[in-house]
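Analysis of the macromolecular model
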Amino acid sequence: MNAEIISVGTELLMGQIVNSDAAFIAKELTGLGIDSYFQTVVGDNPGKIKEVIKIAESRSDLLIFTGGLGPTRDDLTKQTVAEHLEEELVMDEAGLTHIQKWFERSGRSMTKNNELQALVFRSGSVFPNPIGQALGTYTEKNGTGYLLLPGPPRELEQMFLQFVKPFLSSKYEDQQVISSKTLRFFGIGESTLTTVLDELIRNQTNPTIAPYAGKYEVTLRLTANAATEVICGELLDEKKAEILALVGEYHYGDGDESSLAEVVGKKLLKVKKSISAAESLTGGLFQAELVKVPGISEVFAGGIVSYQEGAKQQVLGVPENILETYGMVSPECAVAMAERARELFNTELGISFTGVAGPDQLENKPAGTVWIALSQKNGPTAVQGFRFSRDRLGNREQAVMQGFDIIRRNLLDSEFEE
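Before going into details, it helps to say that this report is about the structure given with it. (Residues numbered from 1 in each chain as written. Predicted model: local features only at pLDDT ≥ 70, side-chain atom pairs only at ≥ 80, totals over all residues. Heavy atoms only, no water.)

A word on the sheet that holds strand β13 (residues 275-279). One open sheet accounts for five strands, arranged β14-β13-β15-β16-β17; its pairing is mixed. Two strands in the sheet have a free side with no partner beyond their single neighbour: β14 (300-305) and β17 (382-387). In this sheet, neighbouring strand axes are inclined to one another by 15° on average, regardless of whether the strands run parallel or antiparallel. Of the pairings in the sheet, the one linking strand β16 (residues 369-376) to β17 comprises six bridges and is antiparallel in character. Each residue of the ladder has a partner; that of I372, found in β17, is Q384. (Pairing = 2+ DSSP bridges. Helix = DSSP H or I, 4+ residues; strand = E, 2+ residues; numbered from the N terminus. Axes fitted to C-alpha atoms, helices over the stretch in contact; angles between N-to-C directions.)

This is the structure we're talking about:
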């Protein structure tokens, strides 16, 4: 079984809206074990839609249409597909009643064209729209399935999860389950990662391994297929263990939604370790990322953005002799900043960032020069130097990522010692 997603809407072609529907459906199809090799976007034109249908029928078993089910003149998907299939559209009375009540609740008058949203295939299945008006509908002809879904993302997603997914799961229950796991890595480039994992990648069968380079990190997507989700999970866990045996020190978490800041924040909460910050070139960016983590106020006491030399000395308390002798862009200054932040806020950890964001030099240091220090209440203060080669914002963002990774590694070491 393979499906093709056909997104209808001139606004998609013009780039006025992002096609999030196709991404959502593709991900759900993968979980159902239904392959999807093609995605097509076509404008609100009956002739073009029919051309796309003919091409899709030649290569796909299930055609999934999104958009074009509304009441306006350019909502032509349902009528065009029905005409192509020579299938009759009929009024779904339950759907029509739902639309009428929707207008009554909103206090608006219902125009005749809104009835078009309740039309469905006479010989097909109907999917209610709990939060909208246009119904979904499905029919088959000559062994090919035709599934029509509304375009608004919230409506499509709820309809799909509540009604369409169980329908497809039951209809294509003989399909193998496909499951994926995303492994996230920081501190190692894509080329180095794939070189270390070369043998595993070359010999991959099931699960497969697909590397992706992100903005400042690398991800590996593992995909397994098997008769059940349990077996898929076992295959993925086995492959993950093989990978981490080789590059585990760079692995910080799993999942598409997790971030390094989120993983570190949750770990700080778990081990109940308090932290404070002193930022220069990052200008509060570290703290802004940290406070995105729900509940972080339990361990994050606060921080200081000390950008100029006077602020570092008068507000943060960096000794004058350090600034005069070594300058603001120095490991000595970073250490003093981290220690003063920890002392001022009485936390177990204190992290600092100082350096040159760019584009110009500072204290004869080139743009991208960064020092990050981590002070511990009952331990030494560690400091690391970096040389980034991005633009001003990129240098600041990468510095913050490195800071979170330094904390992550510190927490791992502390856990190991315990």
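In this model helix α9 (residues 229-247) runs 26 Å from its N-terminal to its C-terminal C-alpha over 19 residues, within 8% of the 27 Å that 1.5 Å per residue would give. Where the residues of α9 are buried, they touch β9 (177-185), α7 (190-196), α8 (198-202), β10 (208-213), β11 (218-226) and β12 (251-254). (Expected span 1.5 Å × (residues − 1). Contact = heavy atoms within 4.5 Å.)

To continue, consider empty space enclosed by the protein. Counted by the stated rule, this structure contains one cavity of 30 Å³ or more. If you add up the space inside the largest cavity, you get close to 30 Å³. What lines the largest cavity is simply G68, L69, G70, D75, K78, Q79, L116 and Q117. Looking at the lining of the largest cavity, its residues break down into two nonpolar, four polar and two charged. (1 Å grid on protein atoms, 1.4 Å probe; cavity = no way out; pocket = protein on both sides within 12 Å on 5 of 7 lines; lining within 4 Å. Points joined across faces, edges and corners; volume = space filled by probe spheres on them. Nonpolar A, V, L, I, M, F, W, Y, C, P; charged D, E, K, R; others polar.)

Time to look at the environment of Y326. With respect to the element layout, Y326 can be found in helix α13 (residues 320-326). C-alpha separation for the pair Y326 and E363, spaced 37 residues apart in sequence, amounts to 9.7 Å. Discounting chain neighbours no more than four positions away, the residues touching Y326 are N321 and E332.

Looking now at the sheet that holds β12. Taking strand neighbours across the sheet as the criterion, the four strands line up as β10-β11-β9-β12 in an open arrangement whose pairing is antiparallel. Both edges of this open sheet fall to β10 and β12, since each of them pairs with a single strand only. For this sheet, the mean inter-axis angle between neighbouring strands, taken without regard to orientation, is 25°. Bridge count between β9 and β11: nine bridges; the pairing is antiparallel. Within β11, the residue paired with S180 across the bridge is T223. The strands touched by α9 are β9, β10, β11 and β12; relative to β11, the strand with the most contacts, the crossing angle is about 145°.

On to the side chain of D405. Within the element layout of this structure, D405 appears in helix α15 (residues 392-417). Contact partners of D405, with chain neighbours within four places excluded, come to F186 and L260.

Turning next to the environment of E238. Assignment of secondary structure puts E238 in helix α9. It is 36 Å that separates the C-alpha atoms of E238 and I6, two residues lying 232 residues apart in sequence.

Here the largest pocket defines a volume of roughly 420 Å³. In terms of lining residues, the largest pocket is bounded by 17 residues, among which K27, T30, G31, I178 and S180 are the most central. Counting residues per element, the lining of the largest pocket draws most heavily on β9, which supplies six residues. When grouped by side-chain class, the residues that make up the lining of the largest pocket number four nonpolar, six polar and seven charged. In this structure, the second largest pocket spans a volume of roughly 260 Å³. Surrounding the second largest pocket, 14 residues form its lining, Y216, E289, E397, V400 and M401 being those nearest its centre. The dominant element in the lining of the second largest pocket, judged by the number of residues it contributes, is α15, at four residues. Tallied by class, the residues present in the lining of the second largest pocket amount to seven nonpolar, two polar and five charged.

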